[in-house]
Each structure stands twice: as C-alpha cells, then as structure tokens.
Amino acid sequence: MSGAKSHRPFLWGASTSSYQVEGVIRNNDSNYFTTSEPMKKRISSLTGPSLMYKYSTQILLRPAGEAAHAWDPLYYLSDFDLASELGMNAFRIAIEWARIEPEKDQWDQDAIDHYKQMIRSMRERGLTPVITLNHLTLPLWILTPPSRFTKKIGQGILPSPLRDLPLADPPASDPYWKSLRGWENKETVKEFVRFVAIVVQELLDQVDHWVTIGEPVASVIGAGYIAGLWPPGFLLDGNRAKNVLHNLIEAHVQAYDKITSLDNVDGDRDGISKMVGFSHAIVAVSPAKPARLFGATFKNNQEAAKNFDYFINDYFINAVVNGEEDLNYLDTLERHNKDSKSFIVHESWKNKVDFIGVEYYRRVYVHYRHILALSPAKFVGETLINHLHSRSHSQPHGILNNLRC
C-alpha cells in the first residue's frame, strides 16, 4: 500500500475481516443469510450439479460461528506477535458495524473500547493499523436479507432449479422490508457516514489509514445482487444493483469527506494525518473460447470481456478519481462515451481517494450468456470462469454460467 508522499514507509502486513475472524457475531446480514434455512436450501439447490447443470460447484452455506476467536485478546495478541516476528509493519482489521451500533442510535462503548485496545496492541508491536470501516457486513437493522421471494408469472412451472430463482421481490411479510434494505437505500449512506464519524472520532489519535468500503463492486454487487450468493441474495437484479452502485460511490465519497474533516491527528508522525481509500477486488480478464458449436462466438465473448473489465475494474475508480458516473453504459453498454447526456461528471466525487487497496485473487475467462444479456443486469458484462478451479476455459463454472438460456 503506497501513499501520496514518497517518504511514507512501505507497509507490509496481514489483513482480516471482522465477521470472518472475530467470532460470536450474530446480528449482521452475513450470519442471518448463512443460517437461514430457506436461503441455505435455495443456494444448495441452485448450485448443485444436475443433468441440466453438470458443471456447477455446489455451495453449502456455513456461518462464521466462533470463527478464529480474534475478538479474544489471547488470540488477537498472538496474531499481532506473529505478524511482528515475521517482520510485518502493518495490520488491517475491520470494525464491525453490528458491534458498534447493534440497533439504530444504540452505541456500544465497550465494543469501541475493545477495538481501541486492539489497535493500541498493534502499535505497541510496531504495527501500523489500517482500519476498514465496512468489510461487506451490515447490521440487521440496516439489512435483513430476504428469506423468501415471490415468483414471476409462469416461473412455478419451470424445472428445478429455474423455478427457485430469486427473480422477484420478497413478499410483503418478509423482515427484509422492516430493515433499511441495505445499500439500495440512500438512507443507509447517511447512517454509514454517521457510523464513520463516531468511529473516526474515537480512533483518530491512533489511526491514519482508513479503508471506507471493502470490495464494493465485485463482492457487494456481484455476489449480492447479480449472482445471488451473498447477502442480500438477489439474482440478476440490475435495477437494485444500479441503485447500490450509486449509493456505494456516495458512501465512499461522503465518508472520505467526513474523515478528512475530522482526522487532523498524525498518529504515526509522518507528516500526514490521514490516508483514505477503498479496497478493490480487481481481476485479470480474458475472453473465453466458445463452449459449444452453436452458441456465442469468440467475438461475442471478446465484447463481453471488455464490458466485464470496464464494470468490475474501472467503473468505481473512474467515479472517485474523475467524478464520472457512466449511466449511459449501464443502459446501453456503450463504454465511456463522454458525449452522452447520461455520462455525468460529479465535481463533488473528484479526487476522493488517497490510495486504492488492490485485491487480486485470480484471472477469469468471460463467456457471453443470453440470459444475462437480456436481463437488467447486462452491464455486468456476462459470466465468468474462475481460472483457479477450471481445467479448461471452455467449460463454465458458477451459478450464472449454469443458466444456459
């Protein structure tokens, strides 16, 4: 991770996510999602191999549960000691919103103090704290993932798993509607900025490096609103995804401005009081070879790969660096046409990032799929193959790839 000043030290360290390591977090959307019996059954069914979808990798949801006990000082101190012994000089943790504000306007000072002590322990071992303010999870009052979905007309007569796809809204009785419905609601942006303000004021004397949001495009939108595998679990919901994308950009920008206005303490005495960025899951993208004799051509796959690359890798960066909101692309797939009336430049979004935390996991091969091209989520750029699990990039893997329409 590098900053704007050449004299800043190179940071080399480890990174954790609160829900994945702390344990005993039961009041956020991820725990609700992974313990919901209807959700577990649906995702197991949708991703399970069948005669129609034989290349699927079945997903069996499991909650984090006790996880790695990293909330316990015995365990987090051991982690920090090990990081120091390995020569690391930084450690990134996430602040769990559901711990700090378990209900709206109910702030848990004990949880805040616990994180303070955790960060002090890092600094005592020569580790620069890097703090993620939102690493995917949301309190249940912000987002209670829907357990059930109504069906589109005629969907009930389709073969499984098509009849089980979450293509319509949850029923009116679902607890989802009593929450703020997550990032699709602009009220969540306001609540997030309030949360950021509380946390930053509590920690600013010890923390200079802030990550606003973790993996907003690939994980929050891609897994939660397109693939349906993570909270809230919508599938191919392009309309919700567009709202979420706009609100995530606003959340980052407003959090950047809030942190900049509050953090005037140089915790590590390097002459800079704050560095604010976001973590971005970026993938190397290539077009896949056509999987069938009669189907998408390589040219189709090339175009799909370009769209996927533009949306997953470039869109969010273009927004928070150049202020660009390419609504024209989301509607027409015409990439980066600055002459379009739907290509908007927000002056208030420009240069709202001091660093970008690049998370690189894999290369993917992208396939054109009719079902995605005809859906409101066409801007995603079609479906991908995870190269790490694929013997041949001519065979698709994953829920969307299996919908061979």
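Residues numbered from 1 in each chain as written. Predicted model: local features only at pLDDT ≥ 70, side-chain atom pairs only at ≥ 80, totals over all residues. Heavy atoms only, no water.

## Some details on the nonpolar core
As a rule of thumb, nonpolar side chains are buried together in soluble globular proteins. Residues Trp183, Phe192, Trp210, Leu245, Ile249 and Phe311 are the most contacted members of the largest nonpolar core, which totals 82 residues. Non-local contacts of Phe192, meaning those with residues more than four positions away in its chain, are made with Trp97, Leu133, Asn134, Trp183, Thr212, Ile213, Ala251 and Ala255. (Core = buried A, V, L, I, M, F, W, Y, C linked by side-chain atoms within 4.5 Å. Buried < 20%, exposed > 50% of the residue type's maximum accessible area, 1.4 Å probe, protein only. Contact = heavy atoms within 4.5 Å.)

## So, the layout of surface pockets
Quantified by volume, the second largest pocket comes out at close to 590 Å³. What lines the second largest pocket is a set of 32 residues, and nearest its centre among them are Gln20, Ser30, Leu136, Thr137 and Trp230. Residue assignment for the lining of the second largest pocket shows that the elements contributing at least two residues are helix H1 (18-21), helix H2 (29-35), helix H8 (216-226) and strand S8 (355-367). Here the element with the most residues in the lining of the second largest pocket is H2; it accounts for 4 residues. For the lining of the second largest pocket, a count of residues per class yields 18 nonpolar, 9 polar and 5 charged. (1 Å grid on protein atoms, 1.4 Å probe; cavity = no way out; pocket = protein on both sides within 12 Å on 5 of 7 lines; lining within 4 Å. Points joined across faces, edges and corners; volume = space filled by probe spheres on them. Helix = DSSP H or I, 4+ residues; strand = E, 2+ residues; numbered from the N terminus. Nonpolar A, V, L, I, M, F, W, Y, C, P; charged D, E, K, R; others polar.)

## Side note on the pairing of strand S4 (residues 209-214)
Of all the 6 residues making up S4, 6 are buried; the element is thus mostly covered by neighbouring parts of the structure. With 3 bridges connecting them, strand S3 (residues 128-132) and S4 associate as parallel partners. Its bridge partner lying in S4, Val130 is registered against His209. For the handedness criterion, the β-α-β arrangement of S3, helix H7 (residues 186-203) and S4 is classed as right-handed. (Pairing = 2+ DSSP bridges. Right-handed = clockwise from strand over helix to strand, strands pointing away.)

## Concerning empty space enclosed by the protein
Taken as a whole and judged by the stated rule, the model has 4 cavities of 30 Å³ or more. Empty space within the largest cavity amounts to approximately 90 Å³. As for the largest cavity, its lining consists of 13 residues, and the residues nearest its centre are Thr16, Val21, Ala70, Ile93 and Met118. Elements supplying a minimum of two residues to the lining of the largest cavity: H1, helix H4 (73-85) and strand S2 (90-94). Taken together, the residues that form the lining of the largest cavity break down as 8 nonpolar, 3 polar and 2 charged.

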